[in-house]
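# Understanding the architecture of this molecule
Chain by chain, the residues run as shown.
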There are 2 protein chains.
Amino acid sequence: MTYLYDQPSDFAADAVAGFAAAHPTITQVHGGVVRASATPPGQPALVIGGGAGHYPAFSGWVGPGMAHGSPCGNVFASPSASQVYSVARNAENGGGVVLGFGNFAGDVLHFGLAAEKLRADGFDVRVVPVSDDVASSDQENRRDRRGIGGVLPVLKAVGAAIEDGADLDEAERIAAKANEATRSLGVAFDGCTLPGVDEPLFRVPEGILAVGMGIHGEPGVRDEPMGTAADVAALLVDGVLREEPARTTGGYDGRAAVILNGLGTVKYEEQFVVYNHVARLLAERDIVPVRPEVGEFVSSLDMAGLSLTLVFLDDELERLWTAPIDTPAFHRGIMPDIDRPLRDNFWELGDEPVPDSEEASRQSARRIADVIALFERVCAREEEELGRIDSVAGDGDHGQGMLLGSSGAADAARKAVSQDAGARTVLARSGEAWAESAGGTSGALWGAALVAAGNAVSDQEGVDQEALVGALDAAVETIGRLGGAKEGDKTMMDSALPFRRTLAASFTGQNAGEAIASAAAAAREAADATASITANKGRARVLGDKSLGTVDPGALSFAILMTELGEHLA
Amino acid sequence: MTYLYDQPSDFAADAVAGFAAAHPTITQVHGGVVRASATPPGQPALVIGGGAGHYPAFSGWVGPGMAHGSPCGNVFASPSASQVYSVARNAENGGGVVLGFGNFAGDVLHFGLAAEKLRADGFDVRVVPVSDDVASSDQENRRDRRGIGGVLPVLKAVGAAIEDGADLDEAERIAAKANEATRSLGVAFDGCTLPGVDEPLFRVPEGILAVGMGIHGEPGVRDEPMGTAADVAALLVDGVLREEPARTTGGYDGRAAVILNGLGTVKYEEQFVVYNHVARLLAERDIVPVRPEVGEFVSSLDMAGLSLTLVFLDDELERLWTAPIDTPAFHRGIMPDIDRPLRDNFWELGDEPVPDSEEASRQSARRIADVIALFERVCAREEEELGRIDSVAGDGDHGQGMLLGSSGAADAARKAVSQDAGARTVLARSGEAWAESAGGTSGALWGAALVAAGNAVSDQEGVDQEALVGALDAAVETIGRLGGAKEGDKTMMDSALPFRRTLAASFTGQNAGEAIASAAAAAREAADATASITANKGRARVLGDKSLGTVDPGALSFAILMTELGEHLA
């Protein structure tokens, strides 16, 4: 249960503000936090982040010896690309940027988009996802694994290397090496509840241990009856040590960083009881824990569970693991230069100038702003139902995400129109705002779609029927390309791709409204048909077969908005 | 819910072992932990402790800048006097001892008994209970208040002063001054569950905020409907600031240490959301937070709730609050001498030699050991029922405590008999073992009673009927003196005092068994009558009137054991 919040939708932002207020070494910037002291000139800036709800990950690790900044997303939702970009701009000081995060689809997408934008602006950027969760993929495909407790030692190694003088190439090498040496396994006993929501996001049946369940309730590898602390310790140690590397002279010789991580309601004394067994079992395997850590590092709101992480050390990784660090939530040793000068210059998300436009395009821009305002009203109307559908097999935030995204986009469109922006700029600003306001994967896709639609038109010419259909086609093409899913995967693609096909087939050059209405009807039919996709997806595996018979919320919301667009144009 | 344990009764001890295993700066000794490095010669040893279930309090604060050692009790039960004694002996290094703890009856009793024993051994000892919870008594009787979140800043001030060179007098002065300047208020939204127990120790009704509820579920001042984070922040700030002292030149001038403390399941982001309001409200009152702390400091297993602590600072208290500290769970700044030499000499609870005895007394000693073994069997038989009764208005551990105590006492008695101990020594050893094995208030009282009974007999003479009754009288007199309760307070006294009166009145010199049986009958009648005491006591205030009609478990267990004793002698 999450008890304390004001507006649930503001929870993550309020938490960042309070975190910054409580820590004089931290300064809040647009999208997250940075150190109050300047990044030393020429030093690579380590920017690490993810969704809220996991504190100390990631903002708690901003400080000398680890990160320079942390973009903070919504609860369990990746920060948007523009949040990542803003924090990176504030952390970068001539040495380029390392973007570190746990390997989840939304984070890969948003950090990747931010990297593109930073590179376009002339910054050197390296992207280092952490993938340590042995339960989420097999050893061969280990780079597809999720990032859980291992984000601490892997990203700490990068931060320590940078503190030691590593450049970007070296930081990237260390990230890859540390990630390769790190293995985690988690277990969960019960789920967690989002702020303002009455029911848990998911549950684990009483007396059951969900082995390998992820930090957002992603399905694990199996359920077992709950055992003693000794049983749980053995399960975790065995799971992680299944991939213990061979011992070599000068390489891994049995020393390992050990992190026992509580997810929220498994409290300290329980963790110590388990750690006592972990230490014994490691000793039996001739493994020496180096500076073990027992506590809460990558939490998951009030989820009940814990994870064990081992980093199989060589001399270099041991030196980085034990190196000094001085951050709000993680301390070790003495930082050589703990009193750093406070900075007073920050990059701010400014009102960049609106490009010149012609009246023909401005007229179209006003109509586009009307459509996006319509989307906002429709999303408000559908929020609850989309949330309900999403909660069956997902995390229940799709309705909220669509409303936040469309609402931010509508505001941005109105503002751009008031500044005499043309159609291209209105679409671009709306798209950036949608991605930023919504966060999450669907927010990124809708945002990128609007930006792509904008790129298909101009700020000079009006948007005629052909241009409108072309822009829609470009938008859906972008969704398909970035989303990476195929039809039948039970995602937005299941309605977006039939929409695109039908639109191309039925548009004759002058009947845009009609063609869009036909395409929307096809999309709706396809969305409804997702109910019959019985693929064993997502949390359905944990929850039984409740997702069978339920449509995909992303496919449905796409079809609903296109239907409204068709009616609006008719 | 507490999920992870092996034997529930070993939970606290296992946790201490795991804590020590995870922290190279910590060494486990009998009864708790001390620093692995020696206390600097002549420096007062700060020994702080309390029940388990509150980590980081108290063992997490053992290290340079704060404590030298921490006795660790059972879950929510004070460490026994002998645990406190052992840790103090291991921490003391020529500078005397400061015993610091939260002001709860069991802790006052056990730390007080340990102080007596240390003083008897020639050590200078100061006892500094912390009493910061404004909800637990009025301002005038503030030294009766419970100790909650304020134990951190008050005991940190003492540790910092000692690090600065304070002697015992100075450390005691700082403790009193810091305690006088510290105020806390807590709220709870739901209860916590002890290891191995299916039902929560207590509950807070859904949607209700229990204002002032203590860290073991002690009754608060009122229930309110649950509000927003802003409401909760306002309630806490208002409550604590109601006792803001006047501002003076050179004294308190508006600067305050601020600690927002989560009890277990109220997680970090929630706390930051609340802290953002706390910072705003304090600014409105022209109060400047000095190095605020937001996190978990005095937790309460998986209890849902949080507390706010303010220390109204002057220059001296500010210096102590911001002073460096390097402990497992609390870090600040740079300790001047962080690499201290490890120690290798520890005081151990040894098998002290058994005093010489005569056969007459040894015969009595064997009968006494039989009686204590009988007590153990009776306590095993009654464990569940005593626990059930205790759980209505107390914390449900009375049955377990009586069994642990009598079992430890029976073992010690058997061992002493096998070493040819006389009656006095057997009783003394049994009493020490009872207090140590049981912990808690009733454990201390039963332990002290057995020791007192021993002091009434000798290792030379046999225990005749007169000596037996005299020993029993001394035992009950001790219970009454140490327990500090009156008849009608619904405690063990309600049956112990009628027992003593009836025993004195009915013993004619030769009829000990008969007199004891009569006294036991009176005790049982009085115990049963406690059901009609409708005093609004303990958790009954929170739980409604469920305690009405329930007998006091301590009074009942006393009556049951005396009844068995009477039958055994008949």
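Everything quoted here is computed from the prediction, not taken from an experiment.

### Description of the environment of V294(A)
On the secondary structure map, V294(A) appears in strand β12 (residues 288-295). On a C-alpha basis, the gap between V294(A) and D169(A) in space is 32 Å, while along the polypeptide they are 125 residues apart. With sequence-adjacent residues up to four places away left out, V294(A) is seen in contact with L260(A), Q271(A), F272(A), Y275(A) and A22(B).

### Comments concerning the relation of the copies chain A and chain B
When chain A is fitted onto chain B, the two copies agree to an RMSD of 0.2 Å after a turn of 179° and an axial shift of 0.1 Å. What the superposition gives is, in effect, a two-fold axis relating one chain to the other. Closest to the rotation axis within chain A is the C-alpha of T265(A), separated from it by 2.7 Å. The residues that chain A uses at the interface reappear at the interface of chain B in 100% of cases, marking a shared surface.

### Looking at the sheet that holds strand β11 (residues 255-262) of chain B
All names here are of chain B. Strand order in the open sheet made by the six strands is β10-β9-β8-β13-β11-β12, with mixed pairing throughout. The two strands at the open ends of the sheet, each matched to only one other strand, are β10 (222-225) and β12 (288-295). Averaged over all pairs of adjacent strands, the angle between their axes in this sheet comes to 20°, without regard to strand direction. Here strand β9 (residues 208-211) runs beside β10; their pairing, made up of four bridges, is antiparallel. Looking at β10, one finds that A210 is bridged to D223.

### Some words on the interface of chain A and chain B
Counting residues at the interface gives 51 residues for chain A and 51 residues for chain B. Between chain A and chain B, the buried area comes to about 4300 Å², and carbon and sulfur atoms account for 69% of it. At the junction of chain A with chain B, the criterion picks out two salt bridges. Between K267(A) and E296(B) there is a salt bridge, with the nearest N and O atoms lying 2.7 Å from each other. Joining chain A to chain B, the criterion identifies 27 residue pairs in polar contact (both at pLDDT 80 or more).

### Notes on helix α2 (residues 81-91) of chain A
Judged by how many residues are buried, α2(A) sits mostly within the fold: ten of eleven residues are covered. For α2(A), the complete set of buried residues consists of A81(A), S82(A), Q83(A), V84(A), Y85(A), S86(A), V87(A), A88(A), N90(A) and A91(A).

### As for the domain arrangement of chain A
Residues and elements named next belong to chain A. Per the domain assignment, the segments making up chain A are domain 1 (8-319) and domain 2 (359-569). One C-alpha centre belongs to domain 1, the other to domain 2; they are set 32 Å apart. The interface of domain 1 with domain 2 comprises 22 residues on the first partner and 19 residues on the second. Carbon and sulfur atoms make up 58% of the surface buried where domain 1 meets domain 2, a total of about 1600 Å² over both sides. The tally of links from domain 1 across to domain 2 stands at zero salt bridges.

### Focus: the nonpolar core
W61(A) and W61(B) are the most contacted members of the largest nonpolar core, which totals 213 residues. Setting aside anything within four residues of it in sequence, one finds W61(B) in contact with I48(B), P56(B), M66(B), A67(B), V151(B), L152(B), F297(B), V298(B), T327(B), A329(B) and F330(B). Counting residues in each nonpolar core, the second largest holds 62 residues, with A449(B), M493(B), A520(B) and A527(B) among its members.

### Regarding the pattern of salt bridges
Here the structure, examined in full by the defined rule, presents 74 salt bridges over all chains. Where E293(A) meets R332(A), a salt bridge forms, and the shortest distance between an N and an O atom there is 2.4 Å. Here R332(A) lies in strand β15 (residues 331-332) and E293(A) lies in strand β12, a separation of 39 residues in the sequence. The exposure class of E293(A) is buried, given its relative accessible area of 16%. A salt bridge links E359(B) to R362(B); the shortest N-O distance between them is 3.2 Å. A residue pair is termed a helical-turn pair when its members lie 3 or 4 positions apart in one helix, as E359(B) and R362(B) do in helix α9 (residues 359-393) at three residues. Judged by its relative accessible area of 35%, E359(B) is partly exposed. Three or more residues are tied together by salt bridges with common partners; here these are E170(A), R173(A), K177(A), D314(A) and E316(A).

### Some remarks on the environment of G264(B)
Structurally, G264(B) is set in the loop between β11 and α7 (268-284). A relative accessible area of 0% means that G264(B) is categorised as buried. As for G264(B) and V34(B), which are separated by 230 residues in sequence, their C-alpha atoms are 25 Å apart. In contact with G264(B), not counting residues within four places along its chain, are G264(A), K267(A), E296(B), L301(B) and M303(B).

### As for the packing of helix α4 (residues 151-163) of chain B against helix α8 (residues 315-322) of chain B
Residues and elements named next belong to chain B. Two elements in contact, α4 and α8, have axes separated by 8 Å at closest approach and are oriented at 90°. With respect to α8, the axis of α4 lies roughly perpendicular. Across the interface between the two elements, P153, K156, A157, A160 and A161 of α4 pack against L320, W321 and T322 of α8. Of the residues belonging to the contact of α4 with α8, the class tally is six nonpolar, one polar and one charged.

### Overview of the sheet that holds strand β8 (residues 182-190) of chain A
Residues and elements named next belong to chain A. In space, the six strands of this open sheet follow the order β10-β9-β8-β13-β11-β12, with mixed pairing throughout. Among the strands making up the open sheet, the edge pair consists of β10 (222-225) and β12. Adjacent strand axes in the sheet meet at a mean angle of 20°, parallel and antiparallel pairs treated alike. Packed on one face of the sheet, helix α6 (residues 229-241) meets β8, β9 (208-211), β10, β11 (255-262) and β13 (304-312) and runs near 150° to β8.

### Some remarks on the pairing of β9(A)
Here β8(A) runs beside β9(A); their pairing, made up of two bridges, is antiparallel. Looking at the pairing, A188(A) lines up with A210(A) of β9(A).

### Some thoughts on the packing of aromatic side chains
On inspection of all chains with the given rule, the structure shows 28 aromatic pairs over all chains. The interplanar angle of 65° and the centroid separation of 5.5 Å between the aromatic rings of F19(B) and Y55(B) together place this pair among those described as edge-to-face. With F19(B) in helix α1 (residues 11-22) and Y55(B) in the loop between β4 (50-52) and β5 (69-75), this pair connects stretches of sequence that are 36 residues apart. Like Y55(B), F19(B) is buried. Pairwise contacts between aromatic rings join F375(A), W434(A), W446(A), F499(A) and F558(A) into one cluster. Over the aromatic face of Y85(A) sits the side chain of K117(A), whose NZ or CZ is 4.8 Å from the ring centroid. The cationic tip of R332(A) hangs over the ring face of W321(A); the distance from NZ or CZ to the ring centre is 4.5 Å.

### Looking at unusual backbone geometry
Residues and elements named next belong to chain A. Put simply, Y55 and P56 share a cis peptide bond, and its omega is 5°. For P56, the position within the fold is in the loop between β4 (50-52) and β5 (69-75). Of the consecutive residues A57 and F58, the connecting peptide bond is found in the cis state with omega at 0°. Its place among the elements puts F58 in the loop between β4 and β5. Even without glycine at this site, F76 takes up a positive phi of about 60°. With respect to the helices and strands, F76 occurs in the loop between β5 and α2.

Here is what the cut-offs are and how they apply
- Residues numbered from 1 in each chain as written.
- Chains lettered and ligands numbered in written order.
- Predicted model: local features only at pLDDT ≥ 70, side-chain atom pairs only at ≥ 80, totals over all residues.
- Heavy atoms only, no water.
- Helix = DSSP H or I, 4+ residues; strand = E, 2+ residues; numbered from the N terminus.
- Contact = heavy atoms within 4.5 Å.
- Least-squares fit on C-alpha atoms with pLDDT ≥ 70 in both.
- Pairing = 2+ DSSP bridges.
- Axes fitted to C-alpha atoms, helices over the stretch in contact; angles between N-to-C directions.
- Buried area = accessible area lost by both parts, 1.4 Å probe.
- Salt bridge = Lys/Arg side-chain N within 4 Å of Asp/Glu carboxyl O.
- Polar contact = N/O pair within 3.5 Å; in protein donor to acceptor, adjacent residues only side chain to side chain.
- Buried < 20%, exposed > 50% of the residue type's maximum accessible area, 1.4 Å probe, protein only.
- Domains from an automatic or database assignment.
- Core = buried A, V, L, I, M, F, W, Y, C linked by side-chain atoms within 4.5 Å.
- Parallel < 35°, antiparallel > 145°, perpendicular 65-115°, else oblique.
- Nonpolar A, V, L, I, M, F, W, Y, C, P; charged D, E, K, R; others polar.
- Phe/Tyr/Trp six-rings, centres within 6.5 Å; stacked < 30°, edge-to-face > 60°.
- Lys NZ or Arg CZ within 6 Å of the ring centre and 35° of its normal.

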